[in-house]
Amino acid sequence: TQLLEQSPQFLSIQEGENLTVYCNSSSVFSSLQWYRQEPGEGPVLLVTVVTGGEVKKLKRLTFQFGDARKDSSLHITAAQPGDTGLYLCASPERNSGYALNFGKGTSLLVTP
Amino acid sequence: EAGVAQSPRYKIIEKRQSVAFWCNPISGHATLYWYQQILGQGPKLLIQFQNNGVVDDSQLPKDRFSAERLKGVDSTLKIQPAKLEDSAVYLCASSPWTSGFNEQFFGPGTRLTVL
């Protein structure tokens, strides 16, 4: 099983600040997904990246996929309290019916 | 469209007791997953069903965990007997079946506390 490492593990910032979180692996991703999980809820898909070098934007969130498809980043501009949550990266495991292999996540707290 | 439903939302039991969780996937979704999420970690696959057949249960502790998906719709996950380390959130997810990867939709989870 591919190991997904996320950093930082915890992040506490004030409203309006920018931040970047990372997801890395020693092996190539077939594709990579980013999820946000709020307390008491299941993960919700934010984006899927497939092509090396790909950049996708979702409002104030910018997702990048590394050229070698071994790393990805999520950048949030002008964070808001509503961005608070656990950010998880995940990759489908082709050998196990495309079940998701998750990293440990980055827990983000945005205070007013 | 209704999402993935799970019940109960919370359960507290003592070690060595048994517990069961229920999941109702999105209508028409052939694939159903059970994940275990321990505090501070990402979800880990326990078992995957395709209709009512098991695709992958390699990480399911079969000496105490069991799961079934009768008629290829609802699913139940059972733990008997529970251990302290089983305290976690149990997430159910479903996806439509086509070749290749499909988006998975998660339920709210069942938070289990084993005392």
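Residues numbered from 1 in each chain as written. Chains lettered and ligands numbered in written order. Predicted model: local features only at pLDDT ≥ 70, side-chain atom pairs only at ≥ 80, totals over all residues. Heavy atoms only, no water.

**Re the overall build of chain B**
Per the secondary structure count, chain B includes 0 helices and 11 strands. The linear arrangement of helices and strands in chain B, starting from the amino end, is β-β-β-β-β-β-β-β-β-β-β. Against the globule reference of 13 Å for 115 residues, chain B gives a C-alpha radius of gyration of 13 Å, in line with a compact fold. In terms of principal-axis extent, the alpha carbons of chain B reach across some 40 × 25 × 25 Å. (Helix = DSSP H or I, 4+ residues; strand = E, 2+ residues; numbered from the N terminus. Rg over C-alpha atoms; globule rule 2.2 N^0.38 Å.)

**Quick word on the pattern of salt bridges**
Residues and elements named next belong to chain A. Per the stated rule, a full pass over the model turns up 4 salt bridges over all chains. Among the ionic pairs, Glu54 bridges to Lys56, the shortest N-O distance being 3.6 Å. On the basis of relative accessible area, Lys56 is assigned to the partly exposed category, the value being 31%. Between Asp83 and Arg60 there is a salt bridge; the shortest N-O distance is 2.9 Å. Highlighted residues: Asp83 in the loop between strand E8 (71-76) and strand E9 (85-93) and Arg60 in the loop between strand E6 (55-58) and strand E7 (61-65), separated in sequence by 23 residues. Accessibility expressed as a relative area gives 24% for Arg60, which makes it partly exposed. (Salt bridge = Lys/Arg side-chain N within 4 Å of Asp/Glu carboxyl O. Buried < 20%, exposed > 50% of the residue type's maximum accessible area, 1.4 Å probe, protein only.)

**Considering the packing of aromatic side chains**
Evaluation of the coordinates by the stated rule reveals 9 aromatic pairs over all chains. Aromatic side chains A:Tyr35 and A:Phe102 sit 5.7 Å apart centroid to centroid with 55 degrees between the ring planes, which places their arrangement in the tilted category. A residue pair is termed long-range when its members are at least 10 positions apart, and A:Tyr35 in strand E4 (residues 32-37) and A:Phe102 in strand E10 (residues 99-102) qualify at 67 residues. Given a relative accessible area of 0%, A:Tyr35 falls into the buried group. Among the aromatic residues, those joined into a ring-pair cluster are A:Tyr35, A:Phe102, B:Tyr33, B:Tyr35 and B:Phe106. (Phe/Tyr/Trp six-rings, centres within 6.5 Å; stacked < 30°, edge-to-face > 60°.)

**Considerations on the interface of chain B and chain A**
At the interface, 20 residues of chain B touch 19 residues of chain A. Buried surface at the junction of chain B and chain A, both sides included, amounts to about 1500 Å², of which 58% is carbon and sulfur. Viewed at the interface, chain A and chain B are joined by 0 salt bridges. Here chain B and chain A share 4 residue pairs in polar contact (both at pLDDT 80 or more) between them. Residue assignment for the side of chain B that touches chain A shows that the elements contributing at least two residues are strand E4 (31-37), strand E5 (44-50) and strand E6 (53-56) of chain B. The element contributing the most residues to the side of chain B that touches chain A is E4(B), with 3 residues. (Contact = heavy atoms within 4.5 Å. Buried area = accessible area lost by both parts, 1.4 Å probe. Polar contact = N/O pair within 3.5 Å; in protein donor to acceptor, adjacent residues only side chain to side chain.)

**Topic: the environment of A:Pro39**
Structurally, the position occupied by A:Pro39 is in the loop between E4 and strand E5 (44-49). Sequence separation of A:Pro39 and A:Leu108 is 69 residues, and the distance between their C-alpha atoms is 11 Å.

**A look at the state of the cysteines**
Across all of its chains, the model carries 2 disulfides over all chains by this definition. Each sulfur in the disulfide pair A:Cys23 and A:Cys89 lies 2.1 Å from the other. Looking down the S-S bond of the A:Cys23 and A:Cys89 bridge, the torsion is 70 degrees, so its handedness is right-handed. Residue A:Cys23 is located in strand E3 (residues 19-24), and its partner A:Cys89 is located in strand E9; the two are separated by 66 residues in the primary sequence. Neither A:Cys23 nor A:Cys89 differs from the other in exposure class; each is buried. The partner cysteine of B:Cys23 in its disulfide is B:Cys92, sulfur to sulfur 1.9 Å. Linking B:Cys23 and B:Cys92, the disulfide has an S-S dihedral of approximately -70 degrees and is accordingly described as left-handed. On the criterion of sequence distance, the pair formed by B:Cys23 in strand E3 (residues 19-24) and B:Cys92 in strand E9 (residues 88-95) is long-range, its members being 69 residues apart. Judged on exposure class, the residue B:Cys23 and its partner B:Cys92 are both buried. (Disulfide = S-S within 2.5 Å.)

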